[in-house]
Each structure stands twice: as C-alpha cells, then as structure tokens.
Amino acid sequence: IKKQQQDVLGFLEANKIEFEEKDIAANEENRKWMRENVPEDSRPASGNPLPPRLFNDSRYLGDYEAFFEARENNAVYAFLGLTAPPGSKVGVYTSHSKQ
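Residues numbered from 1 in each chain as written. Predicted model: local features only at pLDDT ≥ 70, side-chain atom pairs only at ≥ 80, totals over all residues. Heavy atoms only, no water.

- As annotated in an unreviewed UniProt entry, the protein carries the name SH3 domain-binding glutamic acid-rich-like protein 1 and is attributed to Crotophaga sulcirostris.
- Taken from UniProt, the Function (unreviewed entry) comment for the protein reads in full: "Appears to function as an adapter protein that bridges proteins together or proteins with mRNAs. May function as a ubiquitin ligase-substrate adapter. Additionally, associates with translating cytoplasmic ribosomes and may promote the expression of specific mRNAs." (UniProt positions renumbered as here; feature names shortened; annotations may be inferred.)

Observations regarding the packing of helix 1 (residues 2-14) against helix 3 (residues 64-72)
Line of reasoning, step 1. Axis separation between helix 1 and helix 3 bottoms out at 11 Å; the angle between their running directions is 45°. Classified by the interaxial angle, the pair formed by helix 1 and helix 3 is oblique. Note that helix 1 runs across helix 3; the crossing there is left-handed. Residues Gln4, Asp7, Val8 and Phe11 of helix 1 form the contact with helix 3, whose participating residues are Tyr64, Glu65, Phe67, Phe68 and Arg71. (Axes fitted to C-alpha atoms, helices over the stretch in contact; angles between N-to-C directions. Helix = DSSP H or I, 4+ residues; strand = E, 2+ residues; numbered from the N terminus. Parallel < 35°, antiparallel > 145°, perpendicular 65-115°, else oblique. Left-handed = near helix turned anticlockwise from the far one by under 90°. Contact = heavy atoms within 4.5 Å.)

Notes on the confidence of the model for the protein
Line of reasoning, step 1. For the protein, mean pLDDT is 88; residues scoring 70 or higher make up 86% of the total.
Line of reasoning, step 2. Mean pLDDT across the elements of the protein ranges from a minimum in strand 4 (residues 90-94), with 64, to a maximum in strand 3 (residues 59-63), with 97. (pLDDT = per-residue confidence, 0-100.)

Here's the deal with helix 3
Counting along an α-helix, one turn takes 3.6 residues, and residues three or four places apart therefore face a common direction.
Line of reasoning, step 1. Of all the positions in helix 3, only Tyr64, Phe67, Ala70 and Arg71 are classed as buried. Take helix 3 and look down its axis: the buried residues cluster within an arc of 130°, on one side only. Along helix 3, the residues that are exposed and aim more than 90 degrees away from the buried face are Glu69 and Glu72.
Line of reasoning, step 2. As for helix 3, its buried residues are in contact with helix 1, strand 2 (53-56), strand 3 and helix 4 (76-80).
Line of reasoning, step 3. Taking the backbone nitrogen of Glu65 as reference, a side-chain oxygen 3.3 Å away marks Asp63 as the first, capping residue of helix 3. (Buried < 20%, exposed > 50% of the residue type's maximum accessible area, 1.4 Å probe, protein only. Arc of directions from axis to C-beta. Polar contact = N/O pair within 3.5 Å; in protein donor to acceptor, adjacent residues only side chain to side chain.)

And the structure:
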C-alpha cells in the first residue's frame, strides 16, 4: 500500500498537479468518508476498500490499478477529470499506518 501511495503522490508532485492528501489511518472522519464514497461496484468482495483511492472533489475516480492503467495509457489527466495544465484539486486518500 505504501509503495502505491508513494507512486501516486510522486506522480502528482512531479507533474505539479495540486492535490490534498487525506490520511485515513490518523483520522476516523477521513476513513469513514472514503469508505462511504467508494461506489459499491468498486469495493472488495469482503472487507473495506483500501487506499490509495482517488477523488476529484467528491467524485470517485478509482484505485491504484485504475490510476496506473491511466498513466500507462498517457490518460492521467482524463482519469483525474483535469485538463492540462491542471486547475482542479484532487483528493488522495492514503494511510500512513505501518502496513
């Protein structure tokens, strides 16, 4: 999980895409909001959705696999719902617990 989080955050920083990181390990409200706002069809068969999860404001964008696929296809801005240069804030829910 930590490597995936670092990959997403590193990409956003390198491309100067403004984002807000929300730690779900240290903040119960962030954890609850993320879990409630991941669509039913994007949740694991059992357990809770794990970070990283990406949102544009309150619109769910996807998990790491969806982000990675978009990056590989040079479609990250479309995936994030942004146009280049980006002008929107992206929410990235992460966990800094020792997993």
